[in-house]
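# Coordinate inspection notes
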Amino acid sequence: MASKESDKLRTDKTKELISLSASDFIDLQHAQEILDELRELIRFHEHKYYVEADPQISDYDYDQLEKLLVRIEQNYPQLQDPNSPSQRVGSDINQDFVQREHTYPMLSLGNTYSEEELLEFHDRIVKTIGDDFSYVCELKFDGASVSLTYLDGKLLYAVTRGDGTKGDDITANVKTIKSIPLFLGNHGYPAEFIMRGEIYMSLEGFNKLNEERIETGEPAFANPRNSAAGSLKMQNSSQVARRPLNCYLYAIISDDLASDSHYENLKLAKYWGFRISEHLKKCKDIGEVLEYIKYWNIARKKLPFDIDGIVVKVDSLRQQKQLGYTAKSPRWAISYKFKAERVSTRLESVSYQVGRTGAITPVANLTPVQLAGTIVKRASLHNADQIEMLDLHIGDAVFVEKGGEIIPKIVGVKLEERTTNLNKVIYISHCPECETQLVRMEGEANHYCPNENGCPPQIKGKIEHFISRKAMDIGFAEATVSLLFEKGYLRNIADIYNLEKTQIEALDGFREKSANNLIQSVQQSTSIPYARVLFALGIRHIG
Ligand code: IVH
């Protein structure tokens, strides 16, 4: 994008600006000049970091630039700008999404699952436009689609797919995604145009987010796609800013494009600052398309994000026009979907886990079976409705699939193998740990054990969360919590602060020194800041 020389100039400018303080600007005009430079620089570093993965300055220096920007904008509110990089942090004000019409409808793609179907697609194209054309193959990102409108190089709106003709205006949320440019660089972009792309969550970001949610007693997301889509619909954009979202753009729509080639136009879009996949490939014939698919069917397992197939597009816009659309989808593109890996095995039993917040999770115990490189012994059953829907019987031969989800799931039953002597799975009515009658709140999918002060896994879970490193950081092992619980010394969080040295010394594996350390660690926790105490209490929905 920029030459090495201008990169160097920018690095020098960065150093100069970092050394400034907000009080160095005496008048409005000077503040505006500095703001212009600062915004341009932050955009440059953002692009280097989030789009090109080639950071030019340390995270610390970047933070200093951002802080300076926020301070100047606070001192001079009249100089604020809706496309300033400061908007990336989002806002605490709850928003209602307004609906916005799509200037060009957001269509879906036809699906194919086999080579034969793909060859039929190819034959249909050849019949209409002959065989002088190229394809572009792309990864089919598994997230939530978004339509971005740019006017004079600035992001104007971001809208969800919705029903294809109108969607929700999620501009404030999308502005927090740092790889999406708020302001374009270089030149040559149309005055007004639309970019379409997919907002997704990386597998690493998804796993981390779910760990945090489990810690704060919130339900985990089933897969990265749901968590990306859910994040985009949050009302508070400053919370969206904390979600690990990212975006690939895969189409540009305008009547005023420089090239007839989709491939070349995406290359241009990259030049203007958009994050375009590096795995895009121009294929001169269907043979190359098949090779691309074969390659990615294996290589996708090593990608840091989920894809659910390959999109095959005719490259020439003129030929795309010639081919046209059906009511639902273009005739010039198709998605080749990878089959989720599936095996069959036997359902041996269903067990029920009780979480720290009392939520019950049913788990299927299976005859161990090899699936997508791992041995699967258990599968998630989600909730009572899922079990009912599958009409599960103990001993059933079941199909297990590993798709986008990290935990395999049961997707069906081989009914032809069901014998009459099998017992239907009846969801438990009482807690498997404390026998209290379970409750299910209206509108909620999960059952709960309401005995929060008497149900052992809830008590132990709450204590374990309370003492964990991110919370009160008290140095007990999980096994120690169990021992203290069994002896009756620990029945709630407050008991931690009444523990006596002699009680601990008497436990298996403890001596005077280790008991002293434990008591000391309990003492130290009394000076932990209140925000962490609040988190440690593990109140549902409070993180
Ligand atoms: S092109 C006219 N390219 O797949 C349709 N779509 O049913 C143009 N998707 O939800 C779509 N990656 O968001 C296209 N490289 C890619 C894609 C892609 C993911 C999604 C898209 C939509 C669905 C299409």
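Our subject is the structure that appears above.
Residues numbered from 1 in each chain as written. Predicted model: local features only at pLDDT ≥ 70, side-chain atom pairs only at ≥ 80, totals over all residues. Heavy atoms only, no water.

On to a nonpolar patch on the surface. A surface patch of nonpolar side chains, amounting to about 420 Å² of accessible area, comprises Tyr530, Leu534, Leu537, Ile539 and Ile542. Along the chain, tyrosine 530 falls in helix H17 (residues 530–536). Judged by relative accessible area, tyrosine 530 falls into the exposed class, the value being 57%. (Patch = residues over 30% accessible without salt bridge, like charges linked within 9 Å, V, L, I, M, F, W, Y side chains within 5 Å. Areas by Shrake-Rupley, 256 points an atom, 1.4 Å probe, with all protein chains shown as cover. Salt bridge = Lys/Arg side-chain N within 4 Å of Asp/Glu carboxyl O. Helix = DSSP H or I, 4+ residues; strand = E, 2+ residues; numbered from the N terminus. Buried < 20%, exposed > 50% of the residue type's maximum accessible area, 1.4 Å probe, protein only.)

Moving on, we get to the packing of helix H4 (residues 115–129) against helix H10 (residues 286–299). Packing of H4 against H10 leaves a shortest axis separation of 11 Å and a crossing angle of 150°. By crossing handedness, the relation of H4 to H10 is classed as right-handed. For the pair H4 and H10, contact is made by Glu115, Leu118, Leu119 and His122 and by Ile286, Val289, Leu290 and Ile293, respectively. A breakdown of the residues in the contact of H4 with H10 according to their chemical character gives six nonpolar, one polar and one charged. (Axes fitted to C-alpha atoms, helices over the stretch in contact; angles between N-to-C directions. Left-handed = near helix turned anticlockwise from the far one by under 90°. Contact = heavy atoms within 4.5 Å. Nonpolar A, V, L, I, M, F, W, Y, C, P; charged D, E, K, R; others polar.)

Here the focus is the site of the ligand. Taken together, 13 residues form the shell around the ligand, and within it Leu109, Glu138, Ser145, Glu198 and Tyr250 come nearest. Within the backbone of leucine 109, one N or O atom sits 2.9 Å away from an oxygen atom of the ligand. Surface burial for the ligand is 86%, taken as the share of its 530 Å² of free accessible area covered by protein chains. Those elements that provide at least two residues to the shell around the ligand are strand E3 (135–141) and strand E10 (307–314). The element contributing the most residues to the shell around the ligand is E3, with four residues. Among the residues making up the shell around the ligand, the classes are represented as seven nonpolar, two polar and four charged. (Near = heavy atom within 4 Å. Polar contact = N/O pair within 3.5 Å; in protein donor to acceptor, adjacent residues only side chain to side chain.)

What follows is about the pairing of strand E7 (residues 192–201). For E7, the tally of buried residues reaches nine of 10 residues, placing the bulk of the element in the interior. By the bridge criterion, eight bridges tie strand E4 (residues 144–151) to E7 in an arrangement that is antiparallel. When the sheet's bridge partners are listed, serine 147 is paired in E7 with arginine 196. Bridge count for E7 against strand E8 (residues 245–253) is eight bridges, and the pairing is antiparallel. Following the sheet pairing, isoleucine 199 is matched in E8 by cysteine 247. (Pairing = 2+ DSSP bridges.)

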